[in-house]
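The chain contents come next:
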Amino acid sequence: MTLDSETVLSARKLSKAVDGPDGRLTILEEVSLSVARGASLAIVGASGSGKTTLLGLLAGLDRPTGGEVTLDGQRLDTLDEEARARLRRRLVGFVFQSFHLLPALSAEENVMLPLELEGRDDARERAQKALGDVGLGQRLHHYPHQLSGGEQQRVALARAFVHGPALLFADEPTGNLDQRTGATITDLLFAMNREHATTLVLVTHDPKLAARCARTVHMRDGRLIEDAA
Amino acid sequence: MKPVAFAARSLRREFRHGELATLAAALVLAVAALAAVGTLAARVERAIVASAAELLGGDLGVSARRGALPEDFVDEARRAGLATNRIVEFSSVVFSGEASQFTEIRAVDPAFPLRGALSVRSADGGAREAAAPAPGEVYADRAVLAGLGRNVGDRLQIGGRDLAIAGEIVNAPGGSVFQFAPTVLMSLADADAAGLLGPGSRASYRLLVAGEAPAVERYAAWAREHLPPAARLTSVEDAQQNLRTAFERGESFLRLAALLAALLAGIAVALAAQRFSRRKTEEVALLRCLGASRSEIVLALTLELALLAVPACLIGAALGLGLQEAAFAFARELLPGAVPALPWGPSLSAFLIGLAVLFGFALPPLLRLRDVEPMRVFRRDLDTRIRRFDALYLLPFAVGALLILIESGSGRLAAVLGGGLLGVALATLAVSLLLLKALRAGGRRLPGALRFGLANLVRRRALTLIQVGALALSLTALDLLAVIGPSLLERWRADLPADTPNYFVLNVQPDQRQDFKARLDGLGARNLSLLPLAAGKLVAINGKAPRAADYGDERAGNWIEGEVRVSWSAEVPPSNRIVQGAWHGADSASPQMSVDQSWFEMFKLALGDTMTLRIGDQEVTATVSSVREVDWDSFRVNFFMMLDPAHGDALPHSFIASFHLPPGSAGLAELSRALPNVSLVDINAILDRVRDIIERVSSAVTWVLGFSLIAGLLVLLAALAATADERRFEIALLRTLGANSGQLNAAVLGEFAALGLLAGVVAAGGAAATGIALARTVFRLPDYWPPLGTLGAIAIASTVLVMLAGLAGTRRIARTPPVAVLRGAS
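Cut-offs and rules
Residues numbered from 1 in each chain as written. Chains lettered and ligands numbered in written order. Predicted model: local features only at pLDDT ≥ 70, side-chain atom pairs only at ≥ 80, totals over all residues. Helix = DSSP H or I, 4+ residues; strand = E, 2+ residues; numbered from the N terminus. Buried ≥ 20, exposed ≤ 12 C-beta atoms within 10 Å, placed from the backbone. Contact = placed C-beta atoms within 7 Å. Pairing = 2+ DSSP bridges. Axes fitted to C-alpha atoms, helices over the stretch in contact; angles between N-to-C directions. Nonpolar A, V, L, I, M, F, W, Y, C, P; charged D, E, K, R; others polar. Parallel < 35°, antiparallel > 145°, perpendicular 65-115°, else oblique. Left-handed = near helix turned anticlockwise from the far one by under 90°. Core = buried A, V, L, I, M, F, W, Y, C linked by C-beta atoms within 7 Å. pLDDT = per-residue confidence, 0-100.

**Points about the overall build of chain B**
So, step 1. When helices and strands are tallied, chain B shows 22 helices and 21 strands.
So, step 2. Counting over 826 residues, chain B shows a buried share of 45%.
So, step 3. Taking the contacts inside chain B whose residues are at least 6 apart along the sequence as the reference set, 86% of them involve residues at least 24 apart.

**As for the overall build of chain A**
So, step 1. Along chain A, the regular secondary structure elements total seven helices and 10 strands.
So, step 2. Of the contacts made within chain A by residues no fewer than 6 positions apart, 69% connect residues no fewer than 24 positions apart.

**Looking at the sheet that holds strand β4 (residues 66-71) of chain A**
Strand pairing in a sheet is mediated by backbone hydrogen bonds. Such pairs are either parallel or antiparallel.
Residue and element names in this part refer to chain A.
So, step 1. Reading across the sheet, the four strands line up as β2-β1-β4-β5 and stay open at both edges, with antiparallel pairing between neighbours. Because the sheet does not close on itself, it has two edges, and the strands there are β2 (23-36) and β5 (74-75).
So, step 2. By the bridge criterion, two bridges tie β4 to β5 in an arrangement that is antiparallel. Counterpart to T70 in the pairing with β5 is R75.
So, step 3. Across the face of the sheet, helix α1 (residues 51-58) comes into contact with β1 (7-20), β2 and β4 while running at roughly 125 degrees to β1.

**Focus: the interface of chain B and chain A**
So, step 1. Facing 22 residues of chain B, the contacting portion of chain A comprises 24 residues.
So, step 2. Going through the elements one at a time, α1 (3-16) and α7 (241-289) of chain B are the ones with two or more residues in the side of chain B that touches chain A.
So, step 3. At five residues, the largest contribution of residues to the side of chain B that touches chain A is made by α7 of chain B.
So, step 4. In terms of residue class, the side of chain B that touches chain A is built from 11 nonpolar, four polar and seven charged.

**Things to note about the packing of helix α11 (residues 411-442) of chain B against helix α13 (residues 461-493) of chain B**
All names here are of chain B.
So, step 1. As a packed pair, α11 and α13 sit with axes 9 Å apart at the nearest point and diverge in direction by 140 degrees. Classified by the angle their axes make, α11 and α13 are oblique. Two packed elements cross with a definite hand, and for α11 against α13 that hand is right-handed. From α11, L421, V424, A425, T428, L429, S432 and L436 reach across to α13, where they touch R461, T464, L465, V468, G469, A472, L473 and T476.
So, step 2. Residue composition of the contact of α11 with α13, by class: nine nonpolar, five polar and one charged.

**Topic: the nonpolar core**
For soluble globular proteins, nonpolar side chains are generally found buried alongside one another.
Residue and element names in this part refer to chain B.
So, step 1. Judged by nonpolar contacts, the single largest core of 196 residues is most densely connected at L27, A30 and V269.
So, step 2. When residues of this core are assigned to their parent elements, the largest contribution, 25 residues, is made by α7.
So, step 3. Discounting residues that sit within four places of it in the chain, L27 has contacts with V269, A309, A312, C313, G316, G354 and L358.
So, step 4. V120, V144, L163 and V216 belong to the second-largest nonpolar core, a separate cluster that totals 43 residues.

**Things to note about unusual backbone geometry**
So, step 1. Note that the residue after F112 of chain B, namely P113 of chain B, is joined by a cis bond; omega there is -10 degrees.
So, step 2. When you line up the elements, P113 of chain B lands in the loop between β3 (99-108) and β4 (118-121).
So, step 3. Phi is positive for F99 of chain A, which is not a glycine, with a value near 65 degrees.
So, step 4. Structurally, the position occupied by F99 of chain A is in the loop between β6 (92-95) and α3 (107-118).
So, step 5. C-beta crowding within 10 Å serves as the criterion here: with 21 such atoms nearby, F99 of chain A is assigned to the buried category.
So, step 6. For A197 of chain A, which is not glycine, the phi torsion reads 50 degrees and is therefore positive.
So, step 7. For A197 of chain A, a count of 10 C-beta atoms within 10 Å puts it in the exposed group.

**Points about the environment of S49 of chain A**
Residue and element names in this part refer to chain A.
So, step 1. If you trace the backbone, S49 turns up in the loop between β3 (40-45) and α1.
So, step 2. Judged by local crowding, S49 falls into the buried class, with 21 C-beta atoms found within 10 Å.
So, step 3. Beyond its immediate stretch of four places on either side in the chain, S49 contacts M219, R220 and D221.

**Comments concerning the confidence of the model for chain B**
So, step 1. Here chain B shows a mean pLDDT of 80. Residues at 70 or above account for 83%.
So, step 2. Predicted as a complex, the structure gets a pTM of 0.65 and an ipTM equal to 0.78.

**Looking at the pairing of strand β14 (residues 564-568) of chain B**
One face of the sheet, then the other: side chains in a regular strand alternate in exactly this way.
Residues and elements named next belong to chain B.
So, step 1. With four of five residues buried, β14 lies mostly within the body of the structure.
So, step 2. Relative to strand β19 (residues 641-643), β14 runs parallel, the two sharing three bridges. Paired with W568 across the two strands is L643, which belongs to β19.

**Quick look at the packing of α11 of chain B against helix α20 (residues 741-777) of chain B**
Residue and element names in this part refer to chain B.
So, step 1. The interhelical angle for the contact between α11 and α20, taken along N-to-C directions, is 155 degrees, at an axis separation of 9 Å. With respect to α20, the axis of α11 lies roughly antiparallel. Taken as a pair, α11 and α20 cross one another with a handedness that is right-handed. Residues R412, V416, L417, G420, G423, V424, A427, T428, V431, S432 and L435 of α11 touch α20, and the partners they reach there are A754, L758, A759, V762, A763, G766, A769, T770, A773, L774 and T777.
So, step 2. Grouping the amino acids of the contact of α11 with α20 by side-chain chemistry returns 14 nonpolar, seven polar and one charged.

**Section: the environment of D682 of chain B**
So, step 1. For D682 of chain B, the location among the structural elements is in strand β21 (residues 679-682).
So, step 2. Sequence-wise, D682 of chain B and V505 of chain B are 177 residues apart; in three dimensions their C-alpha atoms are separated by 8.8 Å.

**Focus: the environment of L233 of chain B**
Residue and element names in this part refer to chain B.
So, step 1. Relative to the elements of secondary structure, L233 occurs in strand β11 (residues 232-235).
So, step 2. Taking the number of C-beta atoms within 10 Å as the measure of exposure, L233 has 17 and is therefore partly exposed.
So, step 3. When the C-alpha atoms of L233 and L208 are compared, they prove to be 9.8 Å apart, with 25 residues separating the residues in sequence.

Structure (structure tokens):
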């Protein structure tokens, strides 16, 4: 696997093992892959196949026990948590299965969070615009519990894109939604991805959602068994 | 990230949602309690000093024999901007017609009195405030007028000068309770003119000064350096031990109540912070995921706390000042003279302690959040990892200990309270661990729902221990406030029963003793103590002349320079208790001495040491064979030194008596006439004053205790609210699985009953033990016994309360559709 200027994310022989009650457990075994800038990649697999762990390692949320991860030209596995946090803040957006909106914050405030972390003065205006982009311009001051599941995930999408990340990591973004709402969110996600020219890495076990990505990889028992480009 | 702005926004958002309300309320209450009680105590303390100054007649006194005090003592005082007042005291016989009376004359200059007020009764019987007697006039005690058979408006002769009796003395500052004859107050100019103060007179001279505290301090320092031998300084601290003790006890009560309130609020802050940090975990994980660094999180959390703490502490301090102003309105009447200014120190220290409590209790759990893994956004189980010991957790203990030490104002109060609470914490830990072990072993035999409830205790071991600990400590504090405090106050009130001696009689001669006793018995006097009294000088300790410098205590010097009094008795006098050695009894072969504990320590004595006294022309050397703890507040006749009677009787002596008779008994006047050399001292006024102080201080304390109770209930709410969160998910799950409300209630009741009973019983025991220790060491009420029945009842009541509160909290949760809870928890 070669690294060229167009590769924004790559992993080489990435492994993760944890100490469990019955000895050492390998969750991820020597996974290698690379993602080109602007591409979309779906990681699919059964529950427990290690796909969320892989996502966490690729996004720099956790450290591998072996192998390398390079994100936008920076080796993640050699950085400490503080440096990885700085990198995440600049480059990465997230969408989660269970939305992860802060209940005490309004929709607008939730979207402002990444901008506030960057210390931007125009956080409010940009958050309002981002919420307008996902069709929630009228719900700025609603709290998560006042919003439906689909609306909450739209807020999460606005939050994920608001600071213009180079990469977006999505973990089962439609997993908690019904089919119709899920489809709407999927459309919105891909539309925004195109618009922002973001690289998308998506974890799912929904084949339809995976099919929307330009490329799909399969996980089984901690290994990447297929790379269907 | 802009940490201040971020923290401010975060605080505002969380406040809007009530997340921080408990934390803020606990803090406001803690600071308010500390500020109110601290300020009140400081003002009362200032008032005591002012009141003692009135009893002394000035802020500082210098006493010497006439002519022994250089004139520059007056000059120096004037240079320092202090007011001065010269008083000369001597004994003299006054005449009026055929009648004569032995009196103590006090000749004063026109500045008298510098502090306090002189009040006299005119011929019409009305009392008025008066200036110092003008030349040609005197004021006289009632006993003088009775002895002479004269009234106000008549005349009397002193040293050949004819003077008008311008008033009967009602109250004159600066007098001594223990003087041997009634007083006549005259002008210094008259005394000088009458030649009473010439060479050879045995007059004693007193210079009183008064002014601003710093100037008095400086003058005292100067005077100490220039003090001629045989002269001595009298400060306000030396005046009126009885009143001081009353105020000091009151102050200890106030401080105890304030401390308990602050500790309760501290526990509330700790629990609220624990709960807050659990809720914050999700947010921190998300922020970390979005790229916030550890240091940014720590900074933001610390700033958020600071932004919460500063306004809350300010509000608390302001509230406290308002409360103490209300409380002081009660106390104002009992404090004579000017209202002491509002001291700012206690509010400031309450403010700082509030910050310390918040950071001490809240920071550790919040800082733990810096270790939240960003991967937690995907996996909840990550926070169940066992964490290593964190030194930060010692912070609350350090803050608690410091709080106790600073606020108690006394090492003993701090030690007893700190020890009691530590004991309760350890006992709770031990009993809880035993219970958990028993439940693990035998829990399976319990019926279904109850088993589930109790199994919860075992499963959440750490939380169970924290909850039982917090509950037990809060209940201990509540027991101390609601039961021990009031019962100690009650015991204190009983300290001055209705038949407390209210008269002292001095100068009863040995041959008058039988007659005197018979007359008093005839009048129905109660509580009579009649003891011999010999006055002399302490000339040697262990064969060597004592030197003031050897003892490092100004009082010791005063005793060495001045007169000491000794008595003797075959039995240990009432309100005395032997704490070391053995009482000498009646028939001792060699002279034996029993010494008051404070003297024993002041003169660094040991059992077996000898003390030599010169009484008249005799010397007696006695071996120290016992040490007594004397209740100086009993208003009985008491002595620092008591000889054995076999050797005491040989010394020249008179008798001194204390007894109780209803005030103004008619028979007393007859007694005075029949035994004219005897002087009668009426201490009803002092007794009334002490009783008044006890009443008012105890009502102020009751009020503070009530205030502290509110703080305690807040803690209980915080503790239970903290557990409610934990149960939401379980109850929803149980309901989803088909549990009916009876089963849910049984599970919850079983769990809370175990929590409440354990905490309640340990707390009752701890409070009882702490109460006994407080009574013995701090309040000096050795025979106090806590009302165990009430404590037991409170243990049961608190168990029921905890069960009900648990049930109420759970009921609210049980009404929410389970699906909402399960979804919210996912």
